[in-house]
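Results of the structural survey
As a plain string of letters, each chain reads:
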Amino acid sequence: MAVTRGKVRIIGGQWRSRLLAFPEHPDLRPTADRIRETLFNWLGQDLNGMRCLDLFAGSGALGFEAASRGAASVVMVDADAGIYRMLRENKEKLQATQVELVMMNAMNFLKSDMRKFDVIFLDPPYRLGLLPELLPLLPCHLETGGLVYAEAKSDWGADAQWQVKRDTRAGSVHYRLLELAQHG
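Along each chain, residue indices are assigned from 1 in the same order as the chain's sequence is written. Where totals are concerned, whole chains, interfaces and linings use all residues; where local detail is concerned, this predicted model gives features only for residues with pLDDT of at least 70, and gives and counts side-chain atom pairs only at 80 or more. Think of the side-chain values as coming from all heavy atoms in the structure, minus any hydrogens and water.

The next thing to look at is the nonpolar core. Put simply, buried Ala, Val, Leu, Ile, Met, Phe, Trp, Tyr and Cys residues joined by side-chain atoms within 4.5 Å make one nonpolar core. Think of it in three bands: with a 1.4 Å probe and only protein chains considered, a residue is buried below 20% of the maximum accessible area for its type, exposed above 50%, and partly exposed in between. Ranked by size, the top nonpolar core spans 36 residues in total, and within it L43, F64 and F121 carry the most contacts. To qualify as a helix, a DSSP run of H or I must reach at least 4 residues; to qualify as a strand, a run of E must reach at least 2; elements of each kind are numbered from the N terminus. Listed by contribution, the elements that provide at least two residues to this core are α1 (33–43), α2 (61–68), β4 (73–78), α3 (81–94), β5 (99–103), β6 (117–122), β7 (142–152) and β9 (173–180). Two residues qualify as a contact provided that any one of their heavy atoms is within 4.5 Å of a heavy atom in the partner residue. In this structure, L43 is in contact with V119, F121, L147 and L177, ignoring residues within four places of it in sequence. Core analysis: the next-biggest nonpolar cluster, separate from the first, contains 25 residues, L53, M107, I120 and A152 among them.

Remark on secondary structure: sheet strands pair via backbone hydrogen bonds, oriented parallel or antiparallel. Judged by pairing direction, the sheet is mixed, and its 7 strands sit side by side in the order β5-β4-β3-β6-β7-β9-β8 without closing on themselves. Edge positions in the open sheet fall to β5 and β8 (162–170), since each of these has one partner strand only. Here the average twist between neighbouring strands, direction ignored, is 15°. Strand pairing is defined by DSSP finding a minimum of two bridges between the two strands. Sheet analysis places strand β3 (residues 51–54) next to β4, joined by 4 bridges and oriented parallel. Axis definition: a line fit to C-alpha positions, over the contact stretch in the case of helices; interaxial angles, taken between N-to-C directions, run 0 to 180 degrees.

Where α1 contacts α2, the two axes come as close as 12 Å, and the packing angle between them is 45°. In terms of their interaxial angle, α1 and α2 are classed as oblique. As for the relative orientation of α1 and α2, their crossing is right-handed in sense. Contact with α1, carried on its side by R36, L39 and F40, involves A61, L62, E65 and A66 of α2 and no other residues of that element. In this classification, Asp, Glu, Lys and Arg are treated as charged, Ala, Val, Leu, Ile, Met, Phe, Trp, Tyr, Cys and Pro as nonpolar, and every other residue, Gly included, as polar. Taken together, the residues that form the contact of α1 with α2 break down as 5 nonpolar, no polar and 2 charged. Each angle gets one of four labels, with under 35 degrees taken as roughly parallel, over 145 as roughly antiparallel, 65 to 115 as roughly perpendicular, and the rest as oblique. By the definition used in this description, the sense in which the near helix is turned from the far one sets the handedness, with an anticlockwise turn below a right angle giving left-handed and a clockwise turn giving right-handed.

As C-alpha cells, this is what we get:
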C-alpha cells in the first residue's frame, strides 16, 4: 500500500484514486489497499442499492469505499470527535450524500439504532478485542442474506451463529466475511 502519512486512497468506484485525510490517532490504521481489494472482490465490485454500516469508521476507508462503489446508504459510526470531524470534511469533499455520520460509541449505536443493513464492516481497534462482544449483537441488524466483514490482529473464531463465507490473512491481520448460520 502506498501509504501517505495521514491519507488513504479509495481504490474503486466513482471516487477511485481520491485521497482522504485522517487524523493521527493510536487506534487508527486504515484497512490496507490489498485487504480492501480482496474484500470488495468477495462482496462483488458493485454494491448498488446496498445499505452498509461501518461500525468503527476511523479513517473512513471501508465506508467511503462502499459508497464509491454504489451503496445506497452508508452509516459511519465513530465515537472520537477528531475522527468524526475529519469524516465530515471527507464526506463534504466527496459530496457523499448517501453517507450518514454518527458520533457515538459503537455498542450504544447497536443498542439504540434498529436499522438493518446488507453489509456491516467491523474493524474495531485491535487492542480492545471487541469481536466476541460485538458479533452476538449483529444478527438483529442484518438483512436476510446480509454479510459481516470482521478484521482482527490475531486469528479468531466466530461463535456457532456465524458461518465463515470467506477468510484469509495478510501478514498478521486476519479477516473474514461472515453470514448467519442456517440452522434447520
